Amino acid sequence: MKKFLWLILISLCFSSFTEAQDFYRISGDFSIKSKDDSSFSLTRGSFYYDLNYRKVVYDLNFPGEEKWILSDSLIFRMRSDTLYEKTEGASIVEFSIFHLILNNKLHDYGLRESIYDLKEVEKKGDMVIYTWSPPLLMKSMLGEVLLSQKDKRLYGLVFLDKDGKVLRKQFFRNFENVNGLEFPTEIVDLVYVEGLEIVQKTNYKNIKVNEAGKENMFNFPVPD
Amino acid sequence: MKRFLSLAFLISAFAVNDLKADNSDLFNFEIDEVNTELAQVEELDQYLDQNENVSFADLQAAGSPMVENVSDQAMMSPAMAKRHRVLGIPSWIWGCVFGVAGVAIVYFVSENKDETKEALWGCVGASVVGIILYFAVFAAAASTAATTI
């Protein structure tokens, strides 16, 4: 009987431990620095994301105070609680790093569950490079995506156009373990647009996982 | 013959490897170069870490060199940098060349208030120049007529 009780106690402990590994919300501070041909930009603030609400909320404090709410297909910009701009986008939340990290999909950037097919895997030095190809019907519009991993962590992404020209490169650096969740605290973006290279670096800090409270931010109301 | 086939196989294998070498080259990048490019905003970022309540307007009013060539607009994604331009043409040109119709095109296509404002300024600028030119031509014509009489 004593053995049986011990077994129940141990299994209860184990189940509470596995429950603690369920990550559902993430928040923190960020700063985005960028430069295009002649001008710079610095954007700072806090971010909030909860898997249940599926809204990425950015609360900016520099250069001005405003809120950005990214929902499934729309981006809302709010200034002083008034809608300033509404822009359409596609699957923004699904490919936000917050969604990918909480769902443990950052290592393959969610490509495994996307329309892309894995074409090739190769080992080059300390990197494993995966080549993801768009479906045949979309090859006239979309190019391949190359994904590299170092130590089984996402290291870089290269987006190509249909002719194989580089559109964008992204590098994920300085991973930190926050309560068991791996988070890249530095992301470098190199975007090639209209013959111009745009350099952007995003840094994250004060990252909190499964933080209680702040419902008003995690579930910020989206304007009609 | 066997030797020749083996050699051909080896050469082709090397050729394939050479082609694939390009893929790993795509992942070469120097963080120091990125940091050098962003040095000015890096300094501003560090300054704001120490002085959290300082706004962009405060720094601009004080004539801080840290905000020289720094946009007063938030930018979350590099794709935004050129996103709002209709057909890649600066919005003020739309307003300047096509007037109210150009402003309307920018308003409906870009759905961005800043771009619309820029188009409106282009429209107003073109109208002011038009009025000045009209009066200049009118005055010139009047003075020519007066001289003739």
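This structure is a prediction, so every number in the text was calculated from the model and none was measured.

**Student:** Help me understand the overall build of chain B, please; the structure alone is not making it clear to me.
**Tutor:** A tally of regular secondary structure across chain B gives six helices and zero strands. Mapped in sequence order, the helices and strands of chain B form the string α-α-α-α-α-α. Buried positions account for 28% of the 149 residues belonging to chain B. Long-range contacts, defined here as pairs at least 24 residues apart, represent 42% of the contacts in chain B between residues at least 6 apart. If you sum the accessible surface of chain B, you get close to 10000 Å²; carbon and sulfur atoms cover 65% of it.

**Student:** Please clarify how the overall build of chain A should be interpreted in this entry.
**Tutor:** What chain A contains, in helices and strands, is three helices and 13 strands. Residues counted as buried form 49% of the 224 residues belonging to chain A. Put simply, of all contacts in chain A between residues at least 6 apart along the chain, 37% involve residues at least 24 apart. Accessible surface computed for chain A: about 11500 Å², of which carbon and sulfur atoms make up 54%.

**Student:** Explain the nonpolar core here, please?
**Tutor:** Across soluble globular proteins, nonpolar side chains show a tendency to be buried alongside one another. Of all hydrophobic cores here, the largest spans 41 residues; its most connected members are Ile26(A), Tyr58(A), Ile97(A), Phe98(A), Phe183(A) and Tyr204(A). Ranked by residue count, the leading element in this core is helix α2 (residues 97-102) of chain A, at five residues. Among the nonpolar cores identified, the runner-up in size contains 28 residues, and Tyr155(A), Leu160(A), Leu190(A) and Leu26(B) belong to it.

**Student:** Looking at this structure, I do not really get unusual backbone geometry. What am I missing?
**Tutor:** In most cases, non-glycine residues show a negative phi, while peptide bonds are predominantly trans. Residues and elements named next belong to chain A. Looking along the chain, the bond that leaves Phe62 and enters Pro63 is cis, with omega of 5°. Of note, Pro63 is situated in the loop between β3 (55-62) and β4 (66-70). Although it is not a glycine, Lys214 adopts a positive phi angle of roughly 55°. Considering the arrangement of structural elements, one finds Lys214 in the loop between β13 (196-209) and α3 (215-218).

**Student:** I would appreciate a short explanation of the interface of chain A and chain B in the present structure.
**Tutor:** Much of the literature gives interface size as the accessible area that the parts lose upon coming together. In this assembly, 58 residues from chain A lie in contact with 45 residues from chain B. Summed over both sides, the interface of chain A with chain B buries roughly 4400 Å², with 60% coming from carbon and sulfur. On the chain A side of the interface with chain B, the three residues burying the most area are Phe40(A), Phe62(A) and Tyr84(A), jointly 15% of the side's total. For the pair chain A and chain B, the interface holds seven salt bridges. The closest approach of N and O atoms between Arg44(A) and Asp49(B), which form a salt bridge, is 3.1 Å. In this assembly, chain A and chain B are joined by 15 residue pairs in polar contact (both at pLDDT 80 or more). Looking at the side of chain A that touches chain B, its residues break down into 27 nonpolar, eleven polar and 20 charged.

Conventions we followed
- Residues numbered from 1 in each chain as written.
- Chains lettered and ligands numbered in written order.
- Predicted model: local features only at pLDDT ≥ 70, side-chain atom pairs only at ≥ 80, totals over all residues.
- Heavy atoms only, no water.
- Helix = DSSP H or I, 4+ residues; strand = E, 2+ residues; numbered from the N terminus.
- Buried < 20%, exposed > 50% of the residue type's maximum accessible area, 1.4 Å probe, protein only.
- Contact = heavy atoms within 4.5 Å.
- Areas by Shrake-Rupley, 256 points an atom, 1.4 Å probe, with all protein chains shown as cover.
- Core = buried A, V, L, I, M, F, W, Y, C linked by side-chain atoms within 4.5 Å.
- Buried area = accessible area lost by both parts, 1.4 Å probe.
- Salt bridge = Lys/Arg side-chain N within 4 Å of Asp/Glu carboxyl O.
- Polar contact = N/O pair within 3.5 Å; in protein donor to acceptor, adjacent residues only side chain to side chain.
- Nonpolar A, V, L, I, M, F, W, Y, C, P; charged D, E, K, R; others polar.

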